[in-house]
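One letter stands for each residue in the lines below.
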Amino acid sequence: MKKYLFEILLLLFSVAIPLALDMNLAVYGMLATFLLFLTLRRVNYWLFAIIFGFVLLTCVLFLPQIIWFGHPPATMIGAFFETDFQESKEFMQQLPFYSYGVSVLTLLFGSFILYLGKKKKTIYNRQQWFITLGIGIVGVALTVYRPFTKIREEGGFQWQNTRTAPIAFYASIYHNVKNYKQLRKELNQSIEGTPSWQVVSAKPKYMNYVLVIGESVRKDYMSLYGFPIENSSFLKSAKGTIIDGYTATAPNTTTALLRMFLKQKNGDFVYADNLISLAKMGGFDTYWLSNQGSVGEWDTPIAKIASLCDHKVFTKKGDYSSMNIYDSALLPVLQRFLEEKSARPRLFVLHIMGSHIYFPERLEQSVHYNYYNRNFSAYLQTIEQTDKFLQRVYELLEAQHHPFSMLYFADHGLMTKDRSSSFFATLTHGDTHPNKAVYRIPFALLSSDDREHKVVKVPKSGFYFLKGYAHWLGIDEPTLRGYEFLSATPDSLKVFNQYENVPLESLEEDNIITDNK
């Protein structure tokens, strides 16, 4: 047993790699990983140590995130490039302590294998070289088997199709980064192109239109939608219409808003045809006020759309020195713009941080709720804080004595994580394996001529946002006709799950967490 301890532990590590990297489990893939590592050790220890060490460090660094979120799809790669120092810190803070403990144990286990490998004595003769060659050939054959069988289906040899977990992982990361860079290139080339909108007429009913883009709010934690603790008193009583049944298009900000704000043709984004270019062609003066990042090496797609506005203000620049700025910082800026005279109708887009994780960082005041644990208490209070923000926006609009309309929705919801642990339980992005709660978001339309508070229960999809938006602004554009946010006609509900559009009903439920869990 002691004589083969190195091989036994190496085999165990090879079996654990697909679990650590959230890759497909396949016995022959685990065997291939073991045989390739064994071949490297038999050929040269230092070659083995370098490659094994690289895989080990990959597992150690990715484990906390993979335990919490799973394998990163292309959209998470994009989020990585668009994250500043402040958000990175908050991301690390939300990961549970035990995930880092698992990483430490993995590092110790792998280091022990390296130690045993160094002590392992290898006899170098012709027979042993033939054995090594045979082991290597079998390992390579098992590795390339599946990519070869997929050549016709994929149109070429794709390393990410292999069941050898380390190779598939690195190949998928490379593939996702490549796809993301292509998206960025297309966006930069197309966003300022000539729009294809054919605006027939623009007859806005109001002088000021305000679109507030919320962040990470799932409706079932709002008293507006029946949650037992009061945290959205303004929206519960404001004169206007609440939609109970509105669904986000995707589980994170960029993927959701692109599918709401851009026209799509044959499954591809038409970047020049977006909500800002439509408003400008309709004669609106456009403003974008954001409390989310704006610039950096990887400019966010949403910030690119914002750059088209006539006036734009970002509270932070999105680089490593970005500060945690509260959403209320946007209010005096909005007030200043509202008080300026304008001969044209105006569209104000306010992009807030809202309930973005890490929740306590969003709060201007200390947590005063006491619900389940600190994470959920802070989350409830972020919703209350956004409700008060919306009330102040409404009051600023009223103070101008001009007709106005104000639209609020959240970009996406969140899903429960670690439900069984009263200490670690929290809400997080549904970037991998999203459930229904990730898509069920609040939607409120409040106008100066509304005379009552109404709640409309009807399934509505963010995929039709541009059509409803055009009607809201009073813009007649042939491809956007025939849709109203507040119509009683239900939408078919499909959502993007990071890979494809699927029916909302095909996803799992995620009920609110209570003392009974």
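Scope of this entry: the structure provided in the associated data block. (Residues numbered from 1 in each chain as written. Predicted model: local features only at pLDDT ≥ 70, side-chain atom pairs only at ≥ 80, totals over all residues. Heavy atoms only, no water.)

Our focus in this paragraph is the sheet that holds strand E2 (residues 208–214). Overall, mixed pairing links the eight strands, which are arranged E7-E6-E8-E2-E9-E12-E3-E13 in an open sheet. The open sheet has two free edges, formed respectively by strand E7 (311–314) and strand E13 (453–461), since each of these has just one partner strand. Averaged over all pairs of adjacent strands, the angle between strand axes in this sheet comes to 15°, irrespective of strand direction. Relative to strand E8 (residues 346–351), E2 is paired through six bridges, and the arrangement is parallel. Across the sheet, the residue bridging to asparagine 208 is arginine 346, located in E8. (Pairing = 2+ DSSP bridges. Helix = DSSP H or I, 4+ residues; strand = E, 2+ residues; numbered from the N terminus. Axes fitted to C-alpha atoms, helices over the stretch in contact; angles between N-to-C directions.)

If you look at the biggest cluster of nonpolar residues, it comprises 103 residues, and the most contacted ones within it are Phe261, Trp288 and Tyr469. The element that contributes the greatest number of residues to this core is helix H15 (residues 374–399), accounting for eleven residues. In this structure, Phe34, Val55, Ile135 and Ile173 belong to the second largest nonpolar core, which totals 32 residues. (Core = buried A, V, L, I, M, F, W, Y, C linked by side-chain atoms within 4.5 Å. Buried < 20%, exposed > 50% of the residue type's maximum accessible area, 1.4 Å probe, protein only.)

In this section: the packing of helix H1 (residues 5–20) against helix H2 (residues 27–43). Axis angle and axis distance: for two packed helices, these are the angle between their axes and the distance between the axes, and together they describe the pair. The contact between H1 and H2 brings their axes to 8 Å, and the two run at 135°. The angle between H1 and H2 falls in the class oblique. The two elements H1 and H2 cross, and the hand of that crossing is right-handed. Residue-level contacts link Phe6, Glu7, Leu10, Leu11, Ser14, Val15, Ile17 and Pro18 of H1 to Met30, Thr33, Phe34, Phe37, Leu38 and Arg41 of H2. Considered class by class, the residues forming the contact of H1 with H2 number ten nonpolar, two polar and two charged. (Parallel < 35°, antiparallel > 145°, perpendicular 65-115°, else oblique. Left-handed = near helix turned anticlockwise from the far one by under 90°. Contact = heavy atoms within 4.5 Å. Nonpolar A, V, L, I, M, F, W, Y, C, P; charged D, E, K, R; others polar.)

Within the structure shown, the criterion is met by 39 aromatic pairs. Summarising the aromatic geometry, the rings of tyrosine 206 and tyrosine 209 are spaced 5.6 Å apart at their centres and angled 75° between planes, so their arrangement reads as edge-to-face. With a relative accessible area of 10%, tyrosine 206 lands in the buried category. Ring pairs connect the aromatic residues Tyr206, Tyr209, Tyr246, Phe261, Phe284, Phe409, Phe443, Phe465, Tyr469, Trp472 and Phe485, which therefore count as one cluster. (Phe/Tyr/Trp six-rings, centres within 6.5 Å; stacked < 30°, edge-to-face > 60°.)

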